[in-house]
Amino acid sequence: MTLPATAQWDAIVVGTGPAGIGGATALAEAGLRVLAVDEAPSPGGQIWRGIETAPPSRAALLGPEYQAGHDPVARLRASPATLSFATALWRAEPDGTVWLRGAQGISRHQGRHLLLATGAMERPAPCPGWDHPGVTTAGGLQILLKREGLLPEGPLVLAGTGPLLYLYAAQCVAAGKHDVTLLDSCAPSAALSALAHLPRALTGHGPRYLAKGLGLLLALRRKGISHHLGVRGLRILSGTETALTVHCRIGGRDRHFPAAHVGLHEGVIPETHLSRALACAHVWSPRAQAFLPQRDPGLRSSLARVFVAGDAGGIGGAQSALFEGQLAACAILHSDGRIPDAEARRRMQALRREIAKHAAPRPFLDRWYRPRAEVLRPPDETLVCRCEEVSAGAIREALRSGAAGPNQIKAFLRSGMGPCQGRTCGPVLHALSAELLGRGPGETPVLTCRDPLRPVSVGEFAALDS
Amino acid sequence: MRFRRIDPAPSLAHQIHFEGTPIPFAEGDTVAGALLAAGIGTFRTTPVTGAPRAPYCLMGSCFDCLMRIDGAENRRACMTPASNGMRVERARGPRPAGEERMP
């Protein structure tokens, strides 16, 4: 739809994955004037990417959790919320003002409330050679399957750890692809430490998640997919652009695997670029190995007008995110006086109970799939900043020469100054800084996020004046 | 690096133009998807060392698939829906100053 150059809204929802859908639908159905924006051309987020255009056979292959996106997306479409896709948010202010860039150019909007539902990104998994064409994230390969119905041809190596790696491998198998090798970096010690969290993982919806994971592993075994555990020292060499070789150590032996495609994955972390640019307070989570925006029980951030729901506030998965969107909506409606106290309390308690059921297995999963130290702090030869081509060795050298943290490394080496604005190298700069400065991750600074958060041309900036 | 389409009968009636070569695309394709389906393995060369690059994250986060699309520099191929007649070129090394434009 065409957005006016400027407008006022009761609430602006950023992102239309599960959390944004849950929030925008609930707010609009309750009578608020809601604007929901998404940079993608259609709703669903990465989890339900392409849900409106995927033919039934593709949706069936992707499984019931993908197909579960049909109803929430249809309900968002049917709600009175104003939806604007292919619309990037490039600046937000604590008073609820947001600056957008869409097909009609730049527009400025003000929301009495902002709901950030920016979802998750894959944890950057740098290793030597991760910049070669043919190496993507495993999640990226899965997006190509969901959105475009594309399956890699030729030997596929999936390396790293985390549930998505197995899910995508199983989806490949379901699509008839069997030349898949899983190089699992999960350390046996991580699995042992995770056992302490097993009792809690067996409560709520935990058994459902664990059964699904076991089912995936059994399906891969049944189809004879080669699965190696305790993989370390990953390196990817490129012969030509169509021939890769993955080198690693397994059980003390050097191994190598030819590949046409490599999918890397080391779990997912909240996408906090926007909440950080807004200067919302964030806290380090040792369990998630990431910074999370601080939130009150109604998912309000440290800024009164700004709420954060779904994976953007801490990884909980799609179903939890949908409920979190509804929880934030409930808190917003309550603060607007549209729901009486008792009713709000009752609804919010019910939603929190549902969220807790989905949270039950998380400590177990987070501990089991915690990335190894060499992933967070890669060897010197590894390119850390893909944009400006800065190695881990150069970054360590800058730190030894007195760089005070990620922002000074950026000034010294341009790492984090390229087009991705530090989204990819930022977590690694932070981890390397913590390592060499000898500080805890929670006490180590992170890259400062500044607008424009998405590309805007000088001409568009200049046109703002008129 | 090749991909195949899994849908039974993708409609490939429309085309983008990649450096003069017509490339068919299906409904829902991004520029990145259409190029990968056509076996294009290098999307750009880097400004610093000239190394070849292709999409990495496919969700708009890593900016490694930057291309020149309909004359505009630095567009993310993975976030740009393919449209009929669209002209797409690789970004080669550092972009020239003074020619930058975004539609």
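Calculation notes
- Residues numbered from 1 in each chain as written.
- Chains lettered and ligands numbered in written order.
- Predicted model: local features only at pLDDT ≥ 70, side-chain atom pairs only at ≥ 80, totals over all residues.
- Heavy atoms only, no water.
- Helix = DSSP H or I, 4+ residues; strand = E, 2+ residues; numbered from the N terminus.
- Rg over C-alpha atoms; globule rule 2.2 N^0.38 Å.
- Buried < 20%, exposed > 50% of the residue type's maximum accessible area, 1.4 Å probe, protein only.
- Contact = heavy atoms within 4.5 Å.
- Areas by Shrake-Rupley, 256 points an atom, 1.4 Å probe, with all protein chains shown as cover.
- Lys, Arg positive; Asp, Glu negative; His and termini not counted.
- Charge placed at Lys NZ, Arg CZ, Asp CG, Glu CD.
- Buried area = accessible area lost by both parts, 1.4 Å probe.
- Salt bridge = Lys/Arg side-chain N within 4 Å of Asp/Glu carboxyl O.
- Polar contact = N/O pair within 3.5 Å; in protein donor to acceptor, adjacent residues only side chain to side chain.
- Nonpolar A, V, L, I, M, F, W, Y, C, P; charged D, E, K, R; others polar.
- Pairing = 2+ DSSP bridges.
- Core = buried A, V, L, I, M, F, W, Y, C linked by side-chain atoms within 4.5 Å.
- Domains from an automatic or database assignment.
- Axes fitted to C-alpha atoms, helices over the stretch in contact; angles between N-to-C directions.
- Phe/Tyr/Trp six-rings, centres within 6.5 Å; stacked < 30°, edge-to-face > 60°.
- Lys NZ or Arg CZ within 6 Å of the ring centre and 35° of its normal.
- Parallel < 35°, antiparallel > 145°, perpendicular 65-115°, else oblique.
- Left-handed = near helix turned anticlockwise from the far one by under 90°.

Trainee: Quick question: what am I supposed to make of the overall build of chain A here?
Mentor: Scanning chain A from N- to C-terminus turns up 18 helices and 22 strands. Here the C-alpha radius of gyration of chain A, 22 Å, is about what a compact globule of 466 residues would show, namely 23 Å. Referenced to the eigenvectors of the C-alpha coordinate spread, the extents of chain A come out at roughly 65 × 50 × 40 Å. Residues classed as buried in chain A amount to 58% of the 466 residues present. When contacts within chain A are restricted to residue pairs at least 6 apart in sequence, those whose partners lie at least 24 apart make up 66%. Element-wise, carbon and sulfur atoms account for 56% of the exposed surface of chain A, whose accessible area totals about 18200 Å². For chain A, the separation between the mean place of its 50 positive charges and that of its 38 negative charges on side chains is 5 Å.

Trainee: Is there a simple way to explain the environment of Arg221 of chain A in this structure?
Mentor: All names here are of chain A. In this fold, Arg221 is placed in helix 9 (residues 206-222). With relative accessibility at 70%, the residue Arg221 sits in the exposed group. Taking C-alpha positions, Arg221 is 31 Å from Gly239, a pair spaced 18 residues apart along the chain.

Trainee: Where do I start with the interface of chain A and chain B in this structure?
Mentor: By a widespread convention, an interface's size corresponds to the accessible area lost as its parts come together. Residue-level contacts link 52 residues of chain A with 42 residues of chain B. Summed over both partners, the interface of chain A with chain B comes to about 4000 Å²; 56% of that surface belongs to carbon and sulfur atoms. Inspection of the region where chain A meets chain B yields 4 salt bridges. A salt bridge links Arg76 of chain B to Glu39 of chain A; its shortest N-O distance comes to 2.4 Å. At the boundary of chain A and chain B, one finds 17 residue pairs in polar contact (both at pLDDT 80 or more). Sorting the residues of the side of chain A that touches chain B by element identifies helix 2 (56-62), strand 7 (120-122), strand 8 (135-137), helix 5 (138-148), strand 9 (150-153) and strand 16 (261-266) of chain A as the ones contributing at least two each. For the side of chain A that touches chain B, the class distribution of residues is 26 nonpolar, 12 polar and 14 charged. As judged from the 4 bridges shared by strand 9 of chain A and strand 1 (residues 2-5) of chain B, these two strands associate in the antiparallel manner. Bridge pairing in strand 1 of chain B places Leu151 of chain A opposite Arg4 of chain B.

Trainee: How should the nonpolar core be read in this particular structure?
Mentor: By size, the foremost hydrophobic cluster in this structure holds 120 residues, and its most contacted members are Leu158, Leu183 and Leu264 of chain A together with Ile16, Leu35 and Phe43 of chain B. The biggest single contributor to this core is helix 11 (residues 318-335) of chain A, with 9 residues. Here this core spans two domains, since at least three of its residues come from each of domain 1 (6-121 + 269-339) and domain 2 (124-266) of chain A. In this structure Ile16 of chain B touches Thr21, Pro22, Ile23, Phe25, Val31, Ala34, Leu35, Ala82, Ser83, Met86 and Val88 of chain B, once residues within four positions along its chain are discounted. Among the nonpolar cores identified, the runner-up in size contains 21 residues, and Val14, Val98, Leu114 and Leu278 of chain A belong to it.

Trainee: Just to check I follow, could you spell out the sheet that holds strand 13 (residues 231-238) of chain A for this structure?
Mentor: Through backbone hydrogen bonds, the strands of a sheet pair up, either in parallel or in antiparallel fashion. Residues and elements named next belong to chain A. Taken in spatial order, the 3 strands of this open sheet run 13-14-15, and their pairing is antiparallel. Of all strands in the sheet, those with a lone pairing partner are strand 13 and strand 15 (253-259), marking the two edges. Averaged over neighbouring strand pairs, the angle between their axes works out to 20° when direction is ignored. Examined bridge by bridge, strand 13 and strand 14 (residues 244-250) share 6 bridges and lie antiparallel to one another.

Trainee: How do you make sense of the domain arrangement of chain A when you look at a structure like this?
Mentor: All names here are of chain A. For chain A, the assigned domains read domain 1 (6-121 + 269-339), domain 2 (124-266) and domain 3 (377-443). Interface of domain 2 and domain 3: buried area, both sides summed, is about 730 Å²; carbon and sulfur atoms make up 69% of it. Here domain 2 is connected to domain 3 by 0 salt bridges. Put simply, domain 2 and domain 3 have 2 residue pairs in polar contact (both at pLDDT 80 or more) between them. The residue inventory of the side of domain 2 that touches domain 3, partitioned by class, reads 5 nonpolar, no polar and 2 charged.

Trainee: Sorry if this is basic, but what is going on with the packing of aromatic side chains here?
Mentor: Residues and elements named next belong to chain A. All chains considered together, the criterion is met by 6 aromatic pairs over all chains. Plain terms: the ring middles of Trp90 and Trp99 are 5.8 Å apart, the flat faces sit at 50° to each other, and that makes the pair tilted. Given a relative accessible area of 2%, Trp90 falls into the buried group. With centroids separated by 6.4 Å and ring planes inclined at 55°, the aromatic side chains of Trp368 and Tyr369 adopt a geometry described as tilted. Relative accessible area serves as the criterion here: at 28%, Trp368 is assigned to the partly exposed category. An aromatic cluster is defined as three or more aromatic residues linked by ring pairs; in this entry it consists of Tyr166, Phe364, Trp368 and Tyr369. The ring of Trp9 is capped by Arg33, whose NZ or CZ atom sits 4.7 Å from the centre of that ring.

Trainee: So what exactly am I meant to see when it comes to the packing of helix 11 of chain A against helix 12 (residues 341-359) of chain A here?
Mentor: Any two packed helices are characterised by the angle at which their axes cross and by the distance between the axes. All names here are of chain A. It is the contact of helix 11 with helix 12, at a shortest axis distance of 9 Å, that shows an interaxial angle of 165°. For the element pair helix 11 / helix 12, the angle class is roughly antiparallel. The chirality of how helix 11 crosses helix 12 is left-handed. Every residue of helix 12 that contacts helix 11 at Gln319, Ser320, Phe323, Glu324, Gln326, Leu327, Cys330, Ala331 and His334 is listed here: Asp341, Ala344, Arg347, Met348, Leu351, Arg352, Glu354, Ile355 and His358. Classifying every residue of the contact of helix 11 with helix 12 by side-chain character gives 8 nonpolar, 5 polar and 5 charged.

Trainee: Looking at this structure, I do not really get the pairing of strand 8 (residues 87-92) of chain B. What am I missing?
Mentor: One face of the sheet, then the other: side chains in a regular strand alternate in exactly this way. All names here are of chain B. Of the pairings in the sheet, the one linking strand 2 (residues 14-18) to strand 8 comprises 2 bridges and is parallel in character. Directly across from His17, in strand 8, lies its bridge partner Arg87. Judged from the 3 bridges that link them, strand 6 (residues 66-69) and strand 8 form a sheet pairing that is antiparallel. Across the sheet, Ile69 pairs through a bridge with Val88, a residue of strand 8.

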